[in-house]
Each structure stands twice: as structure tokens, then as C-alpha cells.
Amino acid sequence: MTCPSSRVLGFLFLAGFVLAGLWGCGDSGVVESPAPVRSAAAWRPVADAERSDDAVIAQRNRADEARGAMFASLLGELMAAIEAGGHAEAISVCADRAPAIAEEIAAEHGVRIGRTSFRLRNPRNTVPDWAAAAVERRTEQPAEFIDDTTSDFATLTPIRLAPPCLACHGPTESLADGVAEALAARYPADKATGFAEGDLRGWFWVEVPAGGVLPPPTS
Ligand code: HEC
């Protein structure tokens with residue numbers, strides 16, 4: 001039998017932790033050893049001379065594999081959802097599945113991965129610190145970064161608007177039936193309509209830790 005009191009204690013510990021986090025501990029006099037804070041300043045663009053380093057090549061390959069897998073999975077599920085129920089219905093499938101797919105791919109490939117934009121639909125698709133400057137200048141070129149303290153590596157890859165995207169990201173007159181309503185219900189602060197074909201829509205980002213190994217192929 002499990003011991004209920006340890007569960008209660010665990011809950012109280014967690015609750016205290018959360019509350020401390022919400023209110024901050026500034027005046028409590030409690031001294032804790034803080035988790036190491038990763039400074040955004042440690043990230044910098046990869047230098048030309050480093051681009052052919054073996055470690056960088058291996059990390060780039062892992063980033064490319066993860067991004068390819070995420071792209072294929074997102075597109076596959078999006079197309080299936082559109083076919084099954086139309087664009088408006090696919091909005092809610094996409095809303096639930098896009099973040100879940102990112103988590104699945106991250107776990108499978110041992111990376112952190114996501115999409116972001118200067119005009120977000122999902123406010124949780126925030127810009128990683130290391131990508132802030134590149135996003136700010138709306139870079140249209142793929143970019144690579146390295147963290148000098150950890151040798152973690154990261155890529156930022158532009159995503160452009162293709163014709164099938166207009167039904168959910170285009171100007172009002174291009175949106176498919178019911179999409180405007182579905183967006184208003186699900187994403188009241190949506191900033192991701194009004195794009196034209198070929199426009200920069202956002203980026204895939206991938207962070208690859210240093211020294212990790214890829215899981216063996218599944219086939
Ligand atoms: C069926 C409607 C639909 C279609 C078609 C669609 N999207 Fe989206 N898009 C969404 C939804 C819903 C989200 C928010 C999902 C999430 O990431 O949580 C989203 C989010 C995104 C994001 C993440 C940034 C953000 O704003 O949150 C990018 C980038 C993006 N879409 C690009 C595209 C591109 C490129 C295409 C065409 C290949 C496309 N989308 C087609 C509905 C759609």
C-alpha cells in the first residue's frame with residue numbers, strides 16, 4: 001500500500017514551490033541555491049570557420065532530421081484533418097496537435113523544437129531568447145547559433161506561405177468558410193491572417209544539446 005501521508009507531503013511541497021514561484025521569495029529570508037540560469041548572452045551566431053566542425057555538422061544533422069520529421073508530421077495531420085472535416089474543423093485539430101507533435105518530436109529526437117513568428121497565432125509559440133534578434137530583423141535566411149557555455153547548437157529556418165496556407169493565414173477574402181469564426185473562438189488575439197503567398201510566415205527553431213546521440217533508427 002502506498003503511504004498517503006507522503007503523497008500529502010509531496011502535494012504540500014509542490015504547492016509551496018508553486019506559490020513561492022508566484023510570489024517570489026525576496027523578503028522571506030529563505031536562502032535557496034538557485035538552478036543555474038542560462039544566459040541568453042552565451043548564444044551567438046555560428047562563425048563561418050566553425051560550420052564544418054564535426055560536432056557542429058552532427059548537431060546540424062540532428063536539427064535537420066527533427067525539423068523534417070516535425071514538418072512531415074504537421075503537414076500530414078493538417079491535410080488529413082482538412083480532408084476529414086474542412087478547414088474550420090482543422091483549426092481545432094491543429095490547435096491541439098501542433099504543440100503535441102512538437103513535444104513528441106522533441107522527445108524522440110532528444111532536441112527542443114517549435115515554430116515561432118513575429119505575428120503569432122498561438123501565443124505560446126514564443127521566440128527563444130537566442131533567436132530574438134534574428135526574429136526582430138525578420139531574417140529570411142536560415143541561421144545557426146551556438147551557446148558558448150554549453151556548446152548547445154540551434155537553428156532558425158524560415159517558413160514561407162504556400163497557396164494551401166491562405167485558407168487559414170491569408171487575407172479575409174482568402175479564408176475558407178468558417179475559419180474566421182473558428183479563429184475568433186480559439187485564438188481571440190490571432191495576428192496570423194493577412195499573409196500573401198511567398199510571405200515570410202515565421203520559423204522553425206531547433207535546439208540540439210551538445211554531445212547527445214541520436215536514438216537508433218526505428219525501422
Ligand atoms: C486549417 C488551418 C490552417 C492551415 C491550412 C495552415 N495553418 Fe498554420 N496554423 C494554424 C493554427 C490553428 C495554428 C496554431 C497552432 C499551434 O501551433 O498551436 C497555426 C500556426 C502556424 C505557425 C506557428 C506560429 C504561430 O503563429 O503560432 C506557423 C509558422 C504556421 N502556422 C504556418 C503555416 C503554413 C506555412 C501553412 C501552409 C503550409 C499553414 N500554416 C497552414 C492553422 C492553419
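Now for a description of the structure that goes with this document. Small disclaimer: the values here were computed from a predicted structure and weren't measured. (Residues numbered from 1 in each chain as written. Predicted model: local features only at pLDDT ≥ 70, side-chain atom pairs only at ≥ 80, totals over all residues. Heavy atoms only, no water.)

Further remarks concern the overall build of the protein. From N to C terminus, the protein includes five helices and five strands. The helix and strand sequence of the protein, counted from the amino end, reads α-β-α-β-α-β-β-α-α-β. For the protein, the proportion of contacts with a sequence separation of at least 24, taken over those separated by at least 6, is 75%. As displayed, the protein offers around 13,400 Å² of accessible surface, 60% of which is attributable to carbon and sulfur atoms. (Helix = DSSP H or I, 4+ residues; strand = E, 2+ residues; numbered from the N terminus. Contact = heavy atoms within 4.5 Å. Areas by Shrake-Rupley, 256 points an atom, 1.4 Å probe, with all protein chains shown as cover.)

Counting 18 residues, the largest nonpolar core has Met70, Ile113 and Val206 as the members making the most contacts within it. When residues of this core are traced back to their parent elements, those giving at least two are α2 (54–109) and β5 (200–208). Element by element, the count of residues in this core is highest for α2, at ten residues. Once residues lying within four places of it in the same chain are set aside, the contact partners of Met70 are Ile101, Ala102, Ile105, Ile113, Gly114, Arg115 and Phe204. Residues Ala131, Ala143, Ala154 and Leu156 belong to the second largest nonpolar core, which totals twelve residues. (Core = buried A, V, L, I, M, F, W, Y, C linked by side-chain atoms within 4.5 Å. Buried < 20%, exposed > 50% of the residue type's maximum accessible area, 1.4 Å probe, protein only.)

This brings us to the coordination of the iron atom of the ligand. Reference geometry at the metal: tetrahedral coordination by four donors gives ideal angles of 109.5 degrees; octahedral coordination by six donors gives 90 or 180 degrees. When only protein atoms are considered, the iron atom of the ligand has one donor, His169 (NE2), at a distance of 2.1 Å. Counting through the fold element by element, His169 comes out in helix α4 (residues 166–169). (Donors = N, O, S within 2.8 Å, 3.2 Å for Na, K, Ca; no water.)

Moving on, we come to the environment of Gly194. As for its position among the elements, Gly194 is in the loop between α5 (179–186) and β5. Taking the relative accessible area as the measure of exposure, Gly194 reaches 45% and is therefore partly exposed. Spatially, the C-alpha atom of Gly194 lies 4.6 Å from that of Gly170, the residues being 24 residues apart in sequence. Contacts of Gly194, omitting those with residues within four sequence positions, involve Arg119, His169, Gly170 and Pro171.

Over the atoms rolls a probe the size of a water molecule, and in doing so it shows where empty space is left. Following the criterion strictly, the structure yields one cavity of 30 Å³ or more and no others. Taken as a whole, the largest cavity encloses approximately 60 Å³ of empty space. (1 Å grid on protein atoms, 1.4 Å probe; cavity = no way out; pocket = protein on both sides within 12 Å on 5 of 7 lines; lining within 4 Å. Points joined across faces, edges and corners; volume = space filled by probe spheres on them.)

End to end, α2 covers just 19 Å across 56 residues, shorter than the expected 82 Å (1.5 Å per residue, more than 12% under). A maximum bend of about 125 degrees is found in α2 at Gly86. Once α2 finishes, Gly110 follows within two positions and takes phi at roughly 65 degrees, a positive value. (Expected span 1.5 Å × (residues − 1). Bend = angle between axes of the 7 residues up to and from the residue.)

Below, the discussion takes up the pattern of salt bridges. With the rule as written, the count across this model stands at twelve salt bridges. A salt bridge links Asp148 to Arg44, with the shortest nitrogen-to-oxygen separation between them at 2.9 Å. Highlighted residues: Asp148 in the loop between β3 (143–147) and β4 (153–160) and Arg44 in strand β1 (residues 43–45), separated in sequence by 104 residues. The salt bridge partner of Arg112 is Glu207, with a shortest N-O separation of 2.7 Å. One end of the pair, Arg112, is in strand β2 (residues 112–116); the other, Glu207, is in strand β5, and 95 residues separate them in sequence. When its relative accessible area of 36% is taken as the criterion, Arg112 is described as partly exposed. When salt bridges with common partners are traced through the structure, they connect Arg44, Glu50 and Asp148 into a single cluster. (Salt bridge = Lys/Arg side-chain N within 4 Å of Asp/Glu carboxyl O.)

Moving on, we get to the packing of aromatic side chains. Taken as a whole and judged by the stated rule, the model has six aromatic pairs. Arranged with centres 6.5 Å apart and planes meeting at 75 degrees, the rings of Trp130 and Trp205 form a pair that is edge-to-face. Note that Trp130 is positioned in the loop between β2 and α3 (132–136) and Trp205 in strand β5, a separation of 75 residues in sequence. Across the pair, exposure class does not vary: Trp130 and Trp205 are buried alike. Across from the ring centre of Phe195, 4.0 Å away, lies the NZ or CZ of Arg119, which sits over that ring. (Phe/Tyr/Trp six-rings, centres within 6.5 Å; stacked < 30°, edge-to-face > 60°. Lys NZ or Arg CZ within 6 Å of the ring centre and 35° of its normal.)

Bringing the pairing of β3 into the picture now. Of all five residues in β3, five are buried; the element is thus mostly enclosed. Here β3 shows two buried faces, one formed by Ala143, Phe145 and Asp147 and the other by Glu144 and Ile146. Pairing of β1 with β3, which is carried by three bridges, proceeds in the antiparallel orientation. Along β3, the bridge assignment pairs Arg44 with Ile146. Across four bridges, the pairing between β3 and β4 is antiparallel. The partner of Ile146 across the bridge, within β4, is Phe153. If you look at the hairpin formed by β3 and β4, you'll find five residues sitting between the two strands, and Ser151 has a positive phi there, around 65 degrees. (Pairing = 2+ DSSP bridges.)

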